[in-house]
Amino acid sequence: MSGPSTYNPKSGIEKWLDQRLPLPRFMHDTMLTFPTPRNLNFWYTFGGILTFCLGVQIITGIVLAMHYVANAGLAFDSVEKIMRDVNYGWLIRYVHANGASMFFLAVYIHMFRGIYYGSYKAPREIIWILGVLIYLLMTATAFFGYVLPWGQMSFWGATVITNLFSAIPVIGPGIATWLWGDFAVGDATLNRFFSLHYLLPFIIAGVVGLHIWALHVPGNNNPLGIDVKSPQDTVPFHPYYTVKDAFFLVLFIIVFAGFVFFEPEFFGSPDNNIPANPLVTPPDIVPEWYLLPFYAMLRSVPDKLLGVLVMGAAIVSLAVLPWTDTSRVRSNRFRPTMKWFFWFFVVACVTLGYCGSQPVDATIAGIPAVWIARLASLYYFAFIYPIMFFVGLFETPKPLPASIAQSVLGDKPAAAE
Amino acid sequence: MAGTTSDAATRRDFIYVASGAMGAVAAGAVAWPLIQQMNPSAAALALATTETDIGAIQPGQQVIIKHRGQPLFVRRRTPEEIKSAQAVDVAALPDGLARNAGKDAALPASDANRTIKAEWLVVSGVCTHLGCTPTVSTPSAPEGEYGGWLCHCHGSAYDTSGRIRKGPAPENLHVPVYSFMSDTRIKVG
Amino acid sequence: MRLALRITLAAGLAVGLVGAVSAQEIDTHARAPKHVEYEFEGPFGKYDRAALQRGYQVYKEVCAACHSLKQIAFRNLMDHGGPEFSEAQARALAAAAKVPAGPNDKGETHNDSGEVLTRSAVLADYFPAPFPNEEAARTANAGALPPDLSLMVKARHHGAAYVYSLLTSYGEKPPAGFAVAKGKYYNPYFAGWNIGMPQPVTNNGVTYSDGTKASIEQQAHDVVTFLAWAAEPKMEQRKQMGFAVLIFLLAFASVLGLAYKKVKGEYALK
């Protein structure tokens, strides 16, 4: 896809470097001239936004670690010192805390976009699987990070999640103790979670490198889901997509800044402003919003081990999408039936999230939330397995355009969506 | 090295396999302390027993003491609570085992098997589902339908013997190893 | 926007509570907080400086008898965006407080009668706690622990309205069938309705030096303002910077939008 390199070293020093470490050539080919489908829409800007989010989290995180104390007796107060006494500490912490939510918001849009346009389908399976892996690592990192302020929600969230491992028969309780380094979540747990919270983002950065590398082999998918056939189908990445991504990135930052400066506690829980107390469980333990759908699945299963397995399966199942989907066309734009199932999948995920935010015994319009969550969980798995499989087999897709160029340049209004 | 015979080849293979095996042993030996360091430290293990006075607890009241960093319920039950705990049909319980660390693991979950003195119920305050602390039920502020505890995290309800009756928790509240040092003092662990 | 959100949330909460009431037993869930408006709410909101100073007085003369405020130091009383006492005022307020002196030159921390050695506070000192430890606090309060107030307004749903409601709702008659527990007080805004705290603010319980009438509502309003600042002392700086950042970003986005339009045209794209 990337074709022969068009890099042409001009100065002597560029030639010298090109023969030893062709980094400028690499940057030139992957970031400037890389041929990119000319029809990528708004939803394709989130890859760049996510890279930005990772950078923001790493930079603000390193700075916070300079002031934070990972000790059960001191952690809560050290966070308050950051908020009150460290120069601009409040700003850095609010950016980091809201940054996590923004990161997940962007990653969910990115994932749904991938599903809608069939970006996981051959030859992009590895890109998709690496993406699922990044998402898993993000979840783990976010969980470790949420423990660090050592408030009530930090402590009890850590207790509930680590207890999930105790569901494993025979060795489960041993694993829980091993994770805690004590007989319960405590100082030892906090210290190791801090260590891992610092480590994982760099592993994420590494996997993101692989994700982008894998992307640059077949090149981008596009809203039409058809392959690039001629140079007319593409434009160089720079300036078109650099400018476009920058524009939407700034719009995204405006939303981000709105939360940081005007509703910084919007995504937080009041309980996390109470120092951790191992003897008192808050009345309603709720994870961060981005984990709520999985939490709702966990609660909807009455059996402990089964609940944990269902929750794990929900994430792992995403990785097999490339093989459960039997459709020959990628994009839902040409899949009249699948389109409905897709939007229903989005609704099911949002519903699960809402159910997860409600108390255990809540009812929604007279129906117990737990039953709604069961129904939504059922649909979640039905979508990934039988629906993907059978709709792909029996659906008649709409006719595909001959090429991206024809669709974009030949028949302008039809292409817009 | 010049005259390669099959004997020499076998010998060379053996050397390679042996090198690989020794490398694996070395890797395992290095991994072991790295894995073990995660387990509770000597300082954590040293806090394994707890002694506490229970003389001031009134019937119908429970106190929460901290044992191994986790809450432990010490509840002085009223005669009605004891009666309702003893009246339960053990065969119909979701978890039929006593879960009493001080007794045989195969004993059924009768109230007698879960207590030393009927008046005193000593159970771990850790919900067997995902580790929250259940809220105690009293006649004036009932929690759950069974008079014992209700865990607000995921709705597990326990009876007055700390047995799971409803909800996702798989096991009865665990009874730790404990003993009465006197009528008003217990030692846990 | 924030106000609208709050009202919706409060209404939702109320509906949820009604749904949870069962016929036989009294539902002792906390009542949804009263609707109150504060100067510090909304994107343009600032703390009312006079209310902050009066609120400090209420905290010091009423709350501080039982509640610590350990994240706040006397120096913070001069903070920009806070009560903004003058340095002389803050020094005087600090000097009036006693803090543990630490070991003297003989290594003693207590005098011969067992009392902690104290000294006058200085600006760098944090507000002294009323009790030396949790056990002492519980013993003095019939087993209840008065929580630290530093983050109280952020540690409860609709914290400002919650604290205000709690402070202004003593003396109501409990509903029939609800027995107030021994040593407790009835307050429907407190979960379980039995609160360990006796009525803290009373009519003219403090005397304001600026002549403001010290009604219960006025004192509650002032002390909630003070506690809101204690929980979020950088709020004014945050909002101020927020406007600068948003204005810059909007300008930046406009320029990028033009650039985007230009490349779109050059490459004849959709």
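Rules and cut-offs
Numbering of residues starts from 1 in every chain and runs along the sequence as written. By the order in which they are written, chains take letters starting at A while ligands take numbers starting at 1. Two thresholds apply to this predicted model, a pLDDT of at least 70 for residue-level local features and 80 or more for giving and counting side-chain atom pairs, whereas whole-chain, interface and lining totals are computed over all residues. Side-chain measures were taken over the full set of non-hydrogen atoms in the model, leaving aside hydrogen atoms and water. Two strands form a pair only when DSSP identifies at least two bridges running between them. In this description a helix means any DSSP run of H or I spanning at least four residues, a strand means any run of E spanning at least two, and both kinds are numbered starting from the N terminus. On a range of 0 to 100, pLDDT expresses the predictor's confidence in each residue. Any two residues whose heavy atoms approach within 4.5 Å at even a single point are treated as in contact. Stacked, edge-to-face and tilted labels apply to pairs of Phe, Tyr and Trp rings (six-membered ring for Trp) whose centres lie within 6.5 Å, assigned for plane angles under 30 degrees, over 60, and everything in between, in that order. Think of it in three bands: with a 1.4 Å probe and only protein chains considered, a residue is buried below 20% of the maximum accessible area for its type, exposed above 50%, and partly exposed in between. In protein, a polar contact means a hydrogen-donor-capable atom and an acceptor-capable atom, both N or O and within 3.5 Å, with residues adjacent in sequence counting only if both atoms are side-chain atoms; elsewhere, any N or O pair within 3.5 Å suffices. An axis is simply a line fitted to the C-alpha atoms; with a helix, the fit covers only the stretch in contact. Between two such axes, the angle follows the N-to-C directions and lies from 0 to 180 degrees. In this description, buried area is defined as the sum, over both parts, of the accessible area (probe of 1.4 Å) that is lost when the two are combined. Between Lys or Arg on one side and Asp or Glu on the other, a salt bridge is scored when a side-chain nitrogen of the former is within 4 Å of a carboxyl oxygen of the latter. Amino acids are sorted into nonpolar (Ala, Val, Leu, Ile, Met, Phe, Trp, Tyr, Cys and Pro), charged (Asp, Glu, Lys and Arg) and polar (every other residue, Gly among them).

Student: Go over the pairing of strand β6 (residues 147-150) of chain B with me, naming the residues and quoting the values.
Tutor: All names here are of chain B. With 2 bridges connecting them, strand β5 (residues 135-136) and β6 associate as antiparallel partners. Within β6, the residue paired with V136 across the bridge is W149. Relative to strand β7 (residues 157-159), β6 runs antiparallel, the two being bridged by 3 bridges. Directly across from L150, in β7, lies its bridge partner A157. Hairpin connection between β6 and β7: a loop of 6 residues separates the two successive antiparallel strands, and G155 in this loop has a positive phi of roughly 80 degrees.

Student: Hey, could you go over the confidence of the model for chain C for me, with residue numbers and the actual values?
Tutor: Residue and element names in this part refer to chain C. Confidence along chain C averages 87 in pLDDT terms, with 89% of residues attaining 70 or more. Within the model, the stretch residues 1-24 combines pLDDT values under 50 with 18 contacts to residues more than four positions away or in other chains. Among the scores for the predicted complex, ipTM is 0.91 and pTM is 0.86.

Student: Now, about unusual backbone geometry: what can you tell me, with residues and values included?
Tutor: Residue P123 of chain A is bonded to the preceding A122 of chain A through a cis peptide linkage, with omega at 0 degrees. Geometrically, the link from H238 of chain A to P239 of chain A is a cis peptide bond, its omega value of 10 degrees lying close to zero. Within the chain, A365 of chain A stands out as a residue other than glycine whose phi angle is a positive 50 degrees. Its place among the elements puts A365 of chain A in the loop between β3 (363-364) and β4 (367-368). Unusually for a residue other than glycine, N204 of chain C sits at a positive phi of about 55 degrees. Mapping N204 of chain C onto the fold places it in the loop between β4 (194-195) and α6 (216-231).

Student: An account of the packing of aromatic side chains is needed here, citing residue identities and associated values.
Tutor: All names here are of chain A. With the rule as written, the count across this model stands at 62 aromatic pairs over all chains. Judged by centre distance (6.2 Å) and plane angle (45 degrees), the ring pair of F104 and Y108 falls under tilted. Residue F104 and its partner Y108 are located together in helix α5 (residues 89-116), separated by 4 residues, close to a single helical turn. The two residues F104 and Y108 agree in class, both being buried. Through a chain of ring-to-ring contacts, three or more aromatic side chains come together here, namely Y44, F112, Y116, Y117, F342, W343, F344, F345, Y379, Y380, F381 and F383.

Student: Would you mind going over the environment of S154 of chain A in detail, with residue names and values included?
Tutor: Residue and element names in this part refer to chain A. Here S154 is to be found in helix α7 (residues 152-164). When its relative accessible area of 1% is taken as the criterion, S154 is described as buried. Spatially, the C-alpha atoms of S154 and I62 are 20 Å apart, while their sequence positions differ by 92 residues. Contacts of S154, omitting those with residues within four sequence positions, involve Y146, V147, P149 and N272. Polar contacts involving the side chain of S154 include one to the main-chain carbonyl oxygen of Y146, which spans 2.7 Å.

Student: Tell me about the sheet that holds strand β10 (residues 185-188) of chain B, residues and numbers included.
Tutor: Residue and element names in this part refer to chain B. Pairing is antiparallel across the open sheet formed by 3 strands, whose spatial order is β1-β10-β9. Every other strand in the sheet has two partners, leaving β1 (50-53) and β9 (178-182) as the edge strands with one partner each. Strand-to-strand twist across the sheet, computed as the mean angle between neighbouring axes with direction ignored, equals 25 degrees. Sheet analysis places β1 next to β10, joined by 4 bridges and oriented antiparallel. Looking at β10, one finds that T52 is bridged to I186.

Student: Explain the interface of chain C and chain A residue by residue, including any values.
Tutor: Taken together, the contact between chain C and chain A spans 41 residues of the former and 44 residues of the latter. Overall, the association of chain C and chain A removes approximately 3700 Å² of surface from exposure, summing both partners, and the carbon and sulfur fraction of that is 69%. At the boundary of chain C with chain A, the tally comes to 3 salt bridges. Across the pair R75 of chain C and D85 of chain A runs a salt bridge whose closest N-O atoms are separated by 3.1 Å. The tally of links between chain C and chain A comes to 10 residue pairs in polar contact (both at pLDDT 80 or more). Of all the secondary-structure elements, those providing two or more residues to the side of chain C that touches chain A are α1 (2-20), α6 and α7 (235-266) of chain C. With 18 residues, the single largest contributor to the side of chain C that touches chain A is α7 of chain C. Residue composition of the side of chain C that touches chain A, by class: 24 nonpolar, 6 polar and 11 charged.

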